[in-house]
Amino acid sequence: MLDADASRIWHAVTVRGGTIGLADEIAVPAGQDPQQVIGQITVFIDELVALGVLVDTDRPRRVRRRWWRR
């Protein structure tokens, strides 16, 4: 189960399409530094990409070589 901040990050990425402004939404009410929260958001998203839960569509597609085209 996702905690509240992870759930907000997931919602921002999947529904809004990005995390712009999310650090301020999380940091300001909690009295945290927005720059530190941006770093934590980035780490969380990178972990989701590494696990294959999210796919980074900004990265170029990997060329797949077929065995018959070598």
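These numbers were taken from a predicted model, which means no experiment stands behind them. (Residues numbered from 1 in each chain as written. Predicted model: local features only at pLDDT ≥ 70, side-chain atom pairs only at ≥ 80, totals over all residues. Heavy atoms only, no water.)

With respect to the helices and strands, Val-37 occurs in helix α3 (residues 34–51). The class for Val-37 is buried, based on a relative accessible area of 4%. Taking the C-alpha atoms as reference, Val-37 lies 7.6 Å from Ile-26; in sequence the two are 11 residues apart. Those residues in contact with Val-37 that lie beyond four places of it in its chain are Ala-23, Ile-26, Ala-27 and Gln-32. (Helix = DSSP H or I, 4+ residues; strand = E, 2+ residues; numbered from the N terminus. Buried < 20%, exposed > 50% of the residue type's maximum accessible area, 1.4 Å probe, protein only. Contact = heavy atoms within 4.5 Å.)

Residue-level pLDDT values for the protein average 84, and 87% of them are 70 or greater. Mean pLDDT values for the elements of the protein range from 89 in helix α1 (residues 4–16) up to 92 in α3. (pLDDT = per-residue confidence, 0-100.)

Here α3 is 18 residues long and its end C-alpha atoms lie 26 Å apart, about the 26 Å a rise of 1.5 Å per residue gives. If you check which residues of α3 are buried, you get Val-37, Ile-41, Phe-44, Ile-45 and Leu-48. Down the axis of α3, the buried side of the element spans an arc of 95 degrees, and every buried residue falls inside it. For α3, the exposed residues set more than 90 degrees away from the buried face come down to Gln-35 and Ala-50. On its buried face, α3 sits against α1 and α2 (22–30). Phi for Gly-52, located one or two positions after α3, is positive at around 85 degrees. (Expected span 1.5 Å × (residues − 1). Arc of directions from axis to C-beta.)

Turn by turn, an α-helix covers 3.6 residues, leaving residues three or four places apart pointing in a common direction. With 13 residues, α1 extends 17 Å between its outermost C-alpha atoms, agreeing within 8% with the 18 Å of an ideal straight helix rising 1.5 Å per residue. For α1, the complete set of buried residues consists of Ala-6, Ile-9 and Ala-12. Looking straight down α1, one finds that the buried residues subtend no more than 125 degrees of arc, so they occupy a single side. Opposite the buried face of α1, at more than 90 degrees from it, the exposed residues are Ala-4 and Val-15. On its buried face, α1 sits against α2 and α3. Count one or two residues on from α1 and you reach Gly-17, which has phi positive near 90 degrees.

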